[in-house]
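# Architecture and fold: a report
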Amino acid sequence: MKVLYDSKLKELSRKLRKTSTKAEIKLWIYIKGKQLMGYDFHRQKPIDNYIVDFFCNKLKLAVEVDGYTHGFEKTLKAVSE
C-alpha cells in the first residue's frame, strides 16, 4: 500500500530524525533493522498531514511515543475541566 503524505513534511521529518527524543531513541534500538519479529519500521514517517514517530506499513501500525510534545496535555486538561 502506498502511503500518501504532504510533500512539504519531508524535510521536517528528516530534521525530526536528527533530533529524536530519548524515548524515540530507546524504542528505535529495539525495532530498527526488522528486529521486532521481522517487521520493517520507519522513523518520523509523514502520513497525510502528520508525521508519526514510527510506522510499519505491513501492519498498518503508527506509533506515537512522545505525544506530550504536541500539546496533548493542554488539550486533555481543557477537555477534563
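For the structure, check the block above.
So, here is what we can say about the structure in this document.

The rules behind the values
Residues numbered from 1 in each chain as written. Predicted model: local features only at pLDDT ≥ 70, side-chain atom pairs only at ≥ 80, totals over all residues. Heavy atoms only, no water. Salt bridge = Lys/Arg side-chain N within 4 Å of Asp/Glu carboxyl O. Helix = DSSP H or I, 4+ residues; strand = E, 2+ residues; numbered from the N terminus. Core = buried A, V, L, I, M, F, W, Y, C linked by side-chain atoms within 4.5 Å. Buried < 20%, exposed > 50% of the residue type's maximum accessible area, 1.4 Å probe, protein only. Contact = heavy atoms within 4.5 Å. Pairing = 2+ DSSP bridges. Phe/Tyr/Trp six-rings, centres within 6.5 Å; stacked < 30°, edge-to-face > 60°. Arc of directions from axis to C-beta. Lys, Arg positive; Asp, Glu negative; His and termini not counted. Polar contact = N/O pair within 3.5 Å; in protein donor to acceptor, adjacent residues only side chain to side chain.

## A closer look at the pattern of salt bridges
Summed over all chains, the structure comprises one salt bridge. Among the salt bridges present, the one from Glu11 reaches Arg14, with a minimum N-O distance of 3.5 Å. Placement of the pair is Glu11 and Arg14 together in helix 1 (residues 9–18), with a separation of three residues, close to one helical turn.

## A short note on the nonpolar core
If you look at the biggest cluster of nonpolar residues, it comprises five residues: Trp28, Ile31, Phe41, Phe54 and Cys56. Elements supplying a minimum of two residues to this core: helix 2 (22–31) and strand 2 (50–56). When near neighbours in sequence (up to four residues on either side) are disregarded, Trp28 contacts Phe41, His42, Arg43 and Phe54.

## A short note on the pairing of strand 1 (residues 42–47)
For strand 1 and strand 2, the ladder comprises five bridges, and the chain directions are antiparallel. Residue pairing for strand 2: Arg43 is matched across the bridge by Phe54. The hairpin formed by strand 1 and strand 2 contains two residues between the paired strands, and Asp48 there has a positive phi angle of roughly 55°.

## Observations regarding the packing of aromatic side chains
As enumerated under the stated definition, the model contains one aromatic pair in all. Measuring from centroid to centroid gives 5.9 Å for Trp28 and Phe54, while their planes differ by 15°, and the two rings are stacked. Of the two residues, Trp28 is situated in helix 2 and Phe54 in strand 2; the sequence distance between them amounts to 26 residues.

## Thoughts on helix 2
Among the residues of helix 2, those classed as buried are Glu24, Trp28 and Ile31. Within helix 2, the buried residues cover an arc of 70° as seen down the axis, which keeps them to one side. Opposite the buried face of helix 2, at more than 90 degrees from it, the exposed residues are Lys22, Lys26 and Tyr30. Buried residues in helix 2 make contact with strand 1 and strand 2.

## Digging into the side chain of Asp53
By secondary structure assignment, the location of Asp53 is in strand 2. Buried charge without a partner: Asp53 forms no salt bridge, and the closest opposite charge is Arg43, 8.7 Å away. A polar contact is formed between the side chain of Asp53 and the backbone nitrogen of Val65, at a distance of 2.7 Å.

## Topic: the side chain of Gln44
Structurally, Gln44 can be placed in strand 1. In this structure Gln44 comes out as buried when scored by relative accessible area, which is 4%. Among the polar contacts made by the side chain of Gln44, one reaches the side chain of Glu24 at a distance of 3.2 Å.

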